[in-house]
Amino acid sequence: MITDIKQVPIVLHTMDSYSWTWNYWYTLFKKYVPNHGPIYFLSEEKAPDFVDDVIHIKSGKGQWGERLLKGLDQINSDLIFYMQEDFWAMGDLVLSNDVLNVFYELNMETLHIKDILFDYGKFEHIQDDLYKLQQNSQYTLNHQFGLWNSEVLKSLVLPNETPWENEINGTTRRNKSNHKVYILNHKWYVSSVAKGKLLPRGEKVLIDNNLINV
């Protein structure tokens, strides 16, 4: 049982064609999330420029689900923070042991730390900024930043799935059981890339952080 938040791996899952995003993701994550655990960087074959600062896992080519499962099987941890390369930090995130305590106390499967989008689900307010995603909501399986029971995540991924299929079909599968999906409402990142293209909101993050010139 992990008792220190800094022991929980950060799992960044990506593909080599998105390598142009990696330095942006890493620079912003390190700037705004100072107290994180070890970073496991899951790519296909290509190594990031910061490879000496992370644990690099090469999944090889293949479908998204197959590559993710190969990577997760090489990470020896009951809990992980999962995220993807197009989520770029733009505000502070303090990871504390309080996050672990509430995860264990409520026997959670997933705790997303993100701003709540009330248009895709129904939420039960638990306390303060903590909400529970109700049973038959949309996107009870999603890939936004979250603390996961790693075995639960593995059980929800099929090798032949794309990320989009996994969120849609995985939600259908997940809603057949009494899932325990929670969200801590805190806006600290934005989805910055779509279909390999930089979005205006992502460009604004880069400009605000002096990573590109106007």
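Residues numbered from 1 in each chain as written. Predicted model: local features only at pLDDT ≥ 70, side-chain atom pairs only at ≥ 80, totals over all residues. Heavy atoms only, no water.

Asks: How would you summarise the overall build of the protein chain if you had to cite specific residues and measurements?
Replies: Broken down by element type, the protein chain carries six helices and 13 strands. For the protein chain, whose C-alpha radius of gyration is 16 Å, the value lies close to the compact-globule estimate of 17 Å for 214 residues. Taken along the three principal axes of its C-alpha coordinates, the protein chain extends 45 × 35 × 35 Å. Per-residue burial over the protein chain gives 53% buried out of 214 residues. Per element, the accessible surface of the protein chain, about 10400 Å² overall, is 48% carbon and sulfur. (Helix = DSSP H or I, 4+ residues; strand = E, 2+ residues; numbered from the N terminus. Rg over C-alpha atoms; globule rule 2.2 N^0.38 Å. Buried < 20%, exposed > 50% of the residue type's maximum accessible area, 1.4 Å probe, protein only. Areas by Shrake-Rupley, 256 points an atom, 1.4 Å probe, with all protein chains shown as cover.)

Asks: Run through the pattern of salt bridges, naming residues and quoting values.
Replies: Scanning the model with the defined rule gives nine salt bridges in all. Across the pair glutamate 151 and lysine 154 runs a salt bridge whose closest N-O atoms are separated by 3.4 Å. Here the residue glutamate 151 and the residue lysine 154 both occupy positions in helix α4 (residues 150–155), the gap between them amounting to three residues, near one helical turn. Across the pair lysine 204 and aspartate 208 runs a salt bridge whose closest N-O atoms are separated by 2.7 Å. One end of the pair, lysine 204, and the other, aspartate 208, are both in helix α6 (residues 200–208), four residues apart, so they sit about a helical turn from each other. Relative accessible area serves as the criterion here: at 48%, aspartate 208 is assigned to the partly exposed category. Linked through salt bridges whose partners overlap, the residues forming this network are Glu44, Lys61 and Arg67. (Salt bridge = Lys/Arg side-chain N within 4 Å of Asp/Glu carboxyl O.)

Asks: Go over the nonpolar core with me, naming the residues and quoting the values.
Replies: Burial of nonpolar side chains together is a common tendency in soluble globular proteins. Ranked by internal contacts, the top residues of the largest apolar core, which has 42 residues, are Trp25, Phe29, Phe81, Leu111, Phe145, Leu147 and Trp188. Sort the elements by how many residues they give to this core and helix α1 (residues 22–32) lands first, with six residues. If near-sequence neighbours (up to four positions away) are discounted, phenylalanine 29 is found in contact with Ile10, His36, Ile39, Met83, Ala89, Phe145 and Trp188. Membership of the second largest hydrophobic core comes to 17 residues, among which are Tyr40, Val152, Leu153 and Leu156. (Core = buried A, V, L, I, M, F, W, Y, C linked by side-chain atoms within 4.5 Å. Contact = heavy atoms within 4.5 Å.)

Asks: A description of the environment of aspartate 52 should follow, citing residues and the corresponding values.
Replies: Along the chain, aspartate 52 turns up in the loop between β2 (39–43) and β3 (55–58). C-alpha separation for the pair aspartate 52 and leucine 111, spaced 59 residues apart in sequence, amounts to 29 Å.

Asks: Could you give an account of the environment of glutamate 165, naming the residues involved and the relevant values?
Replies: Within the secondary structure layout, glutamate 165 lies in helix α5 (residues 163–174). Judged by its relative accessible area of 36%, glutamate 165 is partly exposed. Spatially, the C-alpha atom of glutamate 165 lies 25 Å from that of leucine 184, the residues being 19 residues apart in sequence.

From the geometry alone we can't say anything about function, so treat these as descriptive.
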